[in-house]
Amino acid sequence: MALVSAKEMLEKARDGKYAVGQFNINNLEWTKSILQTAEELKSPVILGVSEGAGKYMTGFKTVAAMVKAMIECLNITVPVALHLDHGTYEGCYKCIEAGFSSIMFDGSHFPIDENVAKTKELVAVCKKLGLSLEAEVGAIGGEEDGVIGKGECADPEECKKIADLGVTMLAAGIGNIHGKYPADWPGLSFETLAAVKAKVGNMPLVLHGGTGIPTDMIKKAISLGVAKINVNTECQLSFQAATRKYIEEGKDLQGKGFDPRKLLAPGAQAIKDTVKEKMEIFGSIGKA
Ligand code: 13P
């Protein structure tokens, strides 16, 4: 199956009261693990690529070519969207050119009028090409690729302004942050989420910072209109722990020579386990 826009899968998720996971990819092993798990569990999936990860993988063109070839070679039949995560204005155009099927323009750090102007322009481009577009209002806290936000709560009026431009999905800050949540984190602001939902109506909402949010909060967020949940740190943590264990047990030194495929295998399995666990919580299994 060719790459698809995230529009249809998110509208289905919104109507069916579940969420599609966006799992960020950083290399071939992660990509393969996520695609195989989605196929095995018959779940739609979104592969997220940050600008930093795109650069690491030698550019968005390489990423798009790898993902498209992998979908074909692994016989992936479930819907897969390849999505730019927290894109800059310039990054959005690079991904459009490279063949991504979905982009996020993160204009949350611009004054609202500039965020509106740039988003409006990208809405027109994406509509013409059949791509989905995610916009953000209210910076998501934590650090991602050097971008640091404090975990703001979005202004529902500003959310409406951006939603009315015709974006496909909207990431509204509701106190969520990237990375691990601090011990004194007050939790998601469901008051903000409900107020945003009341303003933007049917627009599928996106929850960033999916690592470490308690399951009951995830389920409540889904019941209030969240249809896409982003996960990155949790995959990093499980990949790291599995790789570390393998090395600490000295298994990388057994046998003849050094085989990087063996070294990365436990981490790849850990990613599969994490993705499965998340898909179970998000309710997307069997929804492809
Ligand atoms: P985590 O790294 O906290 O899982 O968040 C991922 C994310 O929101 C990517 O945009």
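Predicted model, so just to flag it, every value in this text is computed and none were measured.

Per the secondary structure count, the chain includes 11 helices and 10 strands. For 288 residues, the compact-globule estimate of 2.2 N^0.38 gives 19 Å, and the C-alpha radius of gyration of the chain, at 18 Å, lies within 12% of that figure. For the chain, the proportion of its 288 residues judged to be buried stands at 56%. Long-range pairs, those at least 24 residues apart, make up 71% of the contacts in the chain between residues at least 6 apart in sequence. Accessible surface, the chain: about 12,800 Å² in total, of which carbon and sulfur atoms supply 55%. For the chain, the centre of its 33 positive side-chain charges and the centre of its 36 negative side-chain charges are spaced 5 Å apart.

Turning our attention to the site of the ligand. Near the ligand you find 13 residues, and of these D85, G209, T211, N232 and T233 are the closest. A distance of 3.4 Å separates an oxygen atom of the ligand from a polar side-chain atom of H86. Take H178: an N or O atom from its side chain is 3.1 Å from an oxygen atom of the ligand. In isolation the ligand exposes 310 Å². Once the protein is present, 99% of that is buried. Contributions of two or more residues to the shell around the ligand are made by β3 (80–87) and β10 (226–231). Considering only residue class, the shell around the ligand consists of 1 nonpolar, 10 polar and 2 charged.

Let us look at the pattern of salt bridges. Side chains that differ in charge, positive against negative, can pair when their charged atoms come close. Taken as a whole and assessed by the stated rule, the structure comprises 11 salt bridges. Residue K161 pairs with D113 through a salt bridge whose shortest N-O separation is 3.9 Å. Taken together, the residues K161 in helix α7 (residues 156–163) and D113 in helix α6 (residues 112–129) connect sequence positions 48 residues apart. Of the charged contacts in the structure, one is a salt bridge between K245 and E249, with a shortest N-O distance of 3.4 Å. Accessibility expressed as a relative area gives 40% for E249, which makes it partly exposed.

Hydrogen bonds between backbone groups are what pair the strands of a sheet, and the pairing can be parallel or antiparallel. Taken in spatial order, the 8 strands of this closed barrel run β1-β2-β3-β4-β5-β8-β9-β10, and their pairing is parallel. Within this sheet the neighbouring strands show an average axis-to-axis angle of 25°, counted without direction. In terms of strand pairing, strand β1 (residues 20–24) meets β10 through 4 bridges, oriented parallel. Looking at the pairing, V20 lines up with K228 of β10. Where helix α5 (residues 89–98) meets the sheet, it contacts β3 and β4 (102–105), and its direction lies at approximately 175° from that of β4. Relative to the sheet, α7 contacts β5 (132–137) and β8 (169–172), its axis offset from that of β5 by approximately 160°.

Another aspect to go through is the pairing of β10. For a regular strand, the rule is simple: side chains alternate between the two faces of the sheet. Most of β10 is tucked away, with 6 of its 6 residues classed as buried. Note that strand β9 (residues 205–207) and β10 share 3 bridges and pair parallel. The partner of L207 across the bridge, within β10, is I229.

This part is about helix α10 (residues 233–248). Spacing of three or four residues puts side chains on the same side of an α-helix, whose turn is 3.6 residues. Helix length check: α10, at 16 residues, gives a terminal C-alpha distance of 22 Å against a target of 22 Å (1.5 Å per residue), a fit within 8%. Burial in α10 covers these residues: T233, E234, C235, S238, F239, A242, T243 and Y246. Buried residues belonging to α10 abut β1, α2 (28–41), β10 and α11 (260–282). A positive phi of about 75° marks G250, the residue just after α10.

Locating V196 in the fold gives a position in helix α8 (residues 190–200). In the structure, V196 is positioned 29 residues away from G225 in sequence and 9.6 Å away in space, judged by C-alpha atoms. The contact partners of V196, leaving out residues within four places of it in the chain, are P156, C159, A172 and L205.

For α2, spanning 14 residues, the distance from its first C-alpha to its last is 20 Å, which sits close to the expected 20 Å at 1.5 Å a residue. Listing the buried residues of α2 in full gives W30, T31, S33, I34, L35, T37, A38, E39 and L41. Packing partners of the buried residues in α2 comprise β1, β2 (45–50), α4 (60–73), β3, α10 and α11. The backbone nitrogen of E29 lies 3.2 Å from a side-chain oxygen of the residue at the head of α2, namely N27. Of the residues one or two after α2, K42 is the one with positive phi, at around 55°.

How each quantity is defined
- Residues numbered from 1 in each chain as written.
- Predicted model: local features only at pLDDT ≥ 70, side-chain atom pairs only at ≥ 80, totals over all residues.
- Heavy atoms only, no water.
- Helix = DSSP H or I, 4+ residues; strand = E, 2+ residues; numbered from the N terminus.
- Rg over C-alpha atoms; globule rule 2.2 N^0.38 Å.
- Buried < 20%, exposed > 50% of the residue type's maximum accessible area, 1.4 Å probe, protein only.
- Contact = heavy atoms within 4.5 Å.
- Areas by Shrake-Rupley, 256 points an atom, 1.4 Å probe, with all protein chains shown as cover.
- Lys, Arg positive; Asp, Glu negative; His and termini not counted.
- Charge placed at Lys NZ, Arg CZ, Asp CG, Glu CD.
- Near = heavy atom within 4 Å.
- Polar contact = N/O pair within 3.5 Å; in protein donor to acceptor, adjacent residues only side chain to side chain.
- Nonpolar A, V, L, I, M, F, W, Y, C, P; charged D, E, K, R; others polar.
- Salt bridge = Lys/Arg side-chain N within 4 Å of Asp/Glu carboxyl O.
- Pairing = 2+ DSSP bridges.
- Axes fitted to C-alpha atoms, helices over the stretch in contact; angles between N-to-C directions.
- Expected span 1.5 Å × (residues − 1).

Note that all results are geometric; they support no functional claim without further evidence.
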